[in-house]
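A closer look at the structure
As a plain string of letters, each chain reads:
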Amino acid sequence: MSEQPKIAYILPNFFTAASIFLGIVSALASIRGDFEKAIIYIVLSLVFDGLDGRVARLTHTTSKFGVEFDSLADVIAFGVAPAVLFYFAVGKYFGRVGVLIMAIYVIFGAIRLARFNVTTGTYDPSMFIGLPIPTAAITTAFWVGLYNAYDIFKNYEILYLICVAGLSILMVSNVRYPSFKKLNFKKTYFIKILVGLVIVFSLIYLYPLEICAFFTSAYVLYGLIRASYNIINLKFKKVKRTKDE
């Protein structure tokens, strides 16, 4: 075997290893109380996590080992790291309850990853079943960032506790979330999309924490609103069918 294929095989797993490293560094930063750095490390870990799969597909080096390694990396980078961040920023004020919520977040995140691995290919790839753990991680991180940046949130620690518990439940739920894997960018909408992206990135440049927190929170709420609408619509159809009979 030539050296080039060996290097191509190592490259995506290197990005996965980098994601693990950043997750550990983030957890250490949280323990030291350096929450801003901890958040940055989680975001960087997300970038490397996105790169490993894409590099593997581009270089045709996808493997079962890579899939399993990526899942283990996600448990650390998007399970343990944000849970530790949440605990040392907010959860520590609630004693054992804070520890419990932190543990549940990690456990449910691991369950989410295990379910994803065994069900991949059995449902529409344009949708995720349950909130993806990377989304839960950066949402938690941005919420903690807002908590530290604005004093107004200092009196709502209990709300943070409930919200992180909610993210944990959403990860193992059957709530559908768009995966954005099959986006169809038609030429007729190219200018509108470009203008929209410029506006979004301009806002992120001005208010990075606030805008990122807004979009991740909106994504989480979208799944809940969509699921609620489908349940109400289904009940309405059943009632209408019963009346017609």
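As shown above, the structure is provided for reference.
Description of the structure in this document. (Residues numbered from 1 in each chain as written. Predicted model: local features only at pLDDT ≥ 70, side-chain atom pairs only at ≥ 80, totals over all residues. Heavy atoms only, no water.)

What to know about a positive patch on the surface
Note the threshold: Each patch is assembled from residues with relative accessible area greater than 30% and no salt bridge, linking like charges that lie within 9 Å and nonpolar side chains (Val, Leu, Ile, Met, Phe, Trp, Tyr) that lie within 5 Å. Surface accessibility in these figures is a Shrake-Rupley result with a 1.4 Å probe; residues are shielded only by whichever protein chains are displayed. Salt bridge, as used here, is a side-chain nitrogen of Lys or Arg placed within 4 Å of a carboxyl oxygen of Asp or Glu. Only four residue types enter the charge count, namely Lys and Arg as positive and Asp and Glu as negative; His and the chain termini do not. In this description, the location of a charge corresponds to atom NZ of lysine, CZ of arginine, CG of aspartate or CD of glutamate. The way it works is that DSSP assigns letters per residue, a run of H or I at least four long becomes a helix, a run of E at least two long becomes a strand, and they are numbered from the N terminus. Note on exposure labels: buried denotes an accessible area under 20% of the residue type's maximum, exposed denotes more than 50%, and partly exposed covers the range between, all computed with a 1.4 Å probe on protein chains only.
Together, Lys 235, Lys 237, Lys 238 and Arg 241 make up a positively charged patch on the protein surface. Tracing the backbone shows Lys 235 in helix α8 (residues 208–244). With a relative accessible area of 56%, Lys 235 lands in the exposed category.

Details of the environment of Pro 178
Here is the rule: When checking whether two residues touch, look at their non-hydrogen atoms; a contact exists if any pair is within 4.5 Å.
On the secondary structure map, Pro 178 appears in strand β2 (residues 176–178). Residue Pro 178 is classed as buried on the basis of its relative accessible area of 16%. Separated by 50 residues in the primary sequence, Pro 178 and Phe 128 place their C-alpha atoms 6.1 Å from one another. Apart from the residues within four sequence positions on either side, Pro 178 is in contact with Ser 126, Met 127, Phe 128, Tyr 219 and Tyr 222.

Remarks on the packing of helix α2 (residues 35–58) against helix α5 (residues 133–149)
Helix-helix packing: each pair is described by the crossing angle between the helix axes and the interaxial distance. For the record, the criterion: In this analysis, axes come from line fits to C-alpha atoms, helices being fitted only over the stretch in contact, and the angle between any two N-to-C directions falls in the range 0 to 180 degrees. In this scheme, roughly parallel covers angles under 35 degrees and roughly antiparallel covers those over 145, while 65 to 115 is roughly perpendicular and the rest are oblique. Take the far helix as your reference; a near helix turned counterclockwise from it by less than a right angle gives a left-handed crossing, and one turned clockwise gives a right-handed crossing. Note on residue categories: nonpolar means Ala, Val, Leu, Ile, Met, Phe, Trp, Tyr, Cys or Pro, charged means Asp, Glu, Lys or Arg, and polar means any other residue, Gly included.
Where α2 meets α5, the closest approach of the two axes is 10 Å, and the angle between their N-to-C directions is 160°. It follows that α2 is roughly antiparallel to α5 by the angle criterion. Handedness of the crossing formed by α2 with α5: left-handed. Here Phe 35, Ile 39, Ile 42, Val 43, Leu 46 and Asp 49 of α2 come into contact with α5, specifically with Pro 134, Ala 137, Ile 138, Ala 141, Phe 142, Val 144, Gly 145 and Asn 148. Each residue belonging to the contact of α2 with α5 can be placed in one class, and the counts come to eleven nonpolar, two polar and one charged.

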